[in-house]
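Chain by chain, the residues run as shown.
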Amino acid sequence: MIQARSSELNGIPVVAMCETPFYGYRGLTKRLIDIGLSIAFLVCALPLLLLIALAVKLTRPAGDLPQRRYGLDGHEITVYNSAP
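Residues numbered from 1 in each chain as written. Predicted model: local features only at pLDDT ≥ 70, side-chain atom pairs only at ≥ 80, totals over all residues. Heavy atoms only, no water.

**Student:** Would you mind going over the overall build of the protein in detail, with residue names and values included?
**Tutor:** Each helix and strand in the protein was counted, giving one helix and four strands. Across the 84 residues of the protein, 2% fall into the buried class. The contacts of the protein with a sequence gap of at least 6 include a subset with a gap of at least 24, amounting to 2%. Accessible surface for the protein amounts to roughly 7800 Å². Of this, 67% is attributable to carbon and sulfur atoms. (Helix = DSSP H or I, 4+ residues; strand = E, 2+ residues; numbered from the N terminus. Buried < 20%, exposed > 50% of the residue type's maximum accessible area, 1.4 Å probe, protein only. Contact = heavy atoms within 4.5 Å. Areas by Shrake-Rupley, 256 points an atom, 1.4 Å probe, with all protein chains shown as cover.)

**Student:** Let's hear about helix α1 (residues 25-59): which residues, and what values?
**Tutor:** For α1, which comprises 35 residues, the first-to-last C-alpha distance of 50 Å matches the rise-based estimate of 51 Å (1.5 Å per residue) to within 8%. Of all the bends in α1, the largest measures some 45° and sits at Leu-46, one to four residues before the proline Pro-47. (Expected span 1.5 Å × (residues − 1). Bend = angle between axes of the 7 residues up to and from the residue.)

**Student:** Can you break down the pairing of strand β2 (residues 12-16) residue by residue, with the values?
**Tutor:** One ladder, built from five bridges, connects strand β1 (residues 5-9) with β2; its direction is antiparallel. From the neighbouring strand, Arg-5 faces β2, where its bridge partner is Ala-16. Adjacent in sequence and paired antiparallel, β1 and β2 are bridged by two residues, among which Asn-10 carries a positive phi angle near 55°. (Pairing = 2+ DSSP bridges.)

**Student:** Lay out the pattern of salt bridges in plain terms, naming residues and giving numbers.
**Tutor:** A full pass over the atoms with the stated rule returns two salt bridges. Ionic pairing is found between Asp-34 and Lys-30, a salt bridge with its closest N-O pair at 2.8 Å. Linking Asp-34 with Lys-30, this pair stays in helix α1, spanning four residues, or about one helical turn. Accessibility expressed as a relative area gives 33% for Asp-34, which makes it partly exposed. (Salt bridge = Lys/Arg side-chain N within 4 Å of Asp/Glu carboxyl O.)

**Student:** Could you give an account of the confidence of the model for the protein, naming the residues involved and the relevant values?
**Tutor:** Per-chain confidence: the protein averages 84 in pLDDT, with 88% of residues scoring 70 or above. Mean pLDDT values for the elements of the protein range from 79 in strand β3 (residues 64-70) up to 94 in α1. (pLDDT = per-residue confidence, 0-100.)

**Student:** Give me the lowdown on unusual backbone geometry, citing residues and values where you can.
**Tutor:** Of note in the backbone geometry, Asn-10 takes a positive phi value of approximately 55° without being a glycine. Mapping Asn-10 onto the fold places it in the loop between β1 and β2. Residue classification places Asn-10 among the exposed positions, given a relative accessible area of 76%. A positive phi angle is found at Asp-73, which is not glycine, with a value near 60°. Along the polypeptide, Asp-73 turns up in the loop between β3 and β4 (76-82).

If you want it as structure tokens, here you go:
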């Protein structure tokens with residue numbers, strides 16, 4: 001197996017199939033780039049997410065929305081979803 005390594009964990013034999021080649025400053029650099037790109041993507045997606053949230057808010061009826069649900073032993077209960 002390519003890059004496989006066997007060892008023991010609490011007395012149980014385990015096989016590591018793939019390990020990261022990034023250690024030390026290379027691992028830190030990769031982590032910082034991953035976080036930076038994730039934040040950049042979220043910032044770019046924010047306007048679209050806000051438009052979707054606004055569309056949901058405007059098309060949803062206001063007030064309490066009673067819903068019939070089933071609780072323990074199949075007994076019907078009423079749940080109110082309060083819209084602020």
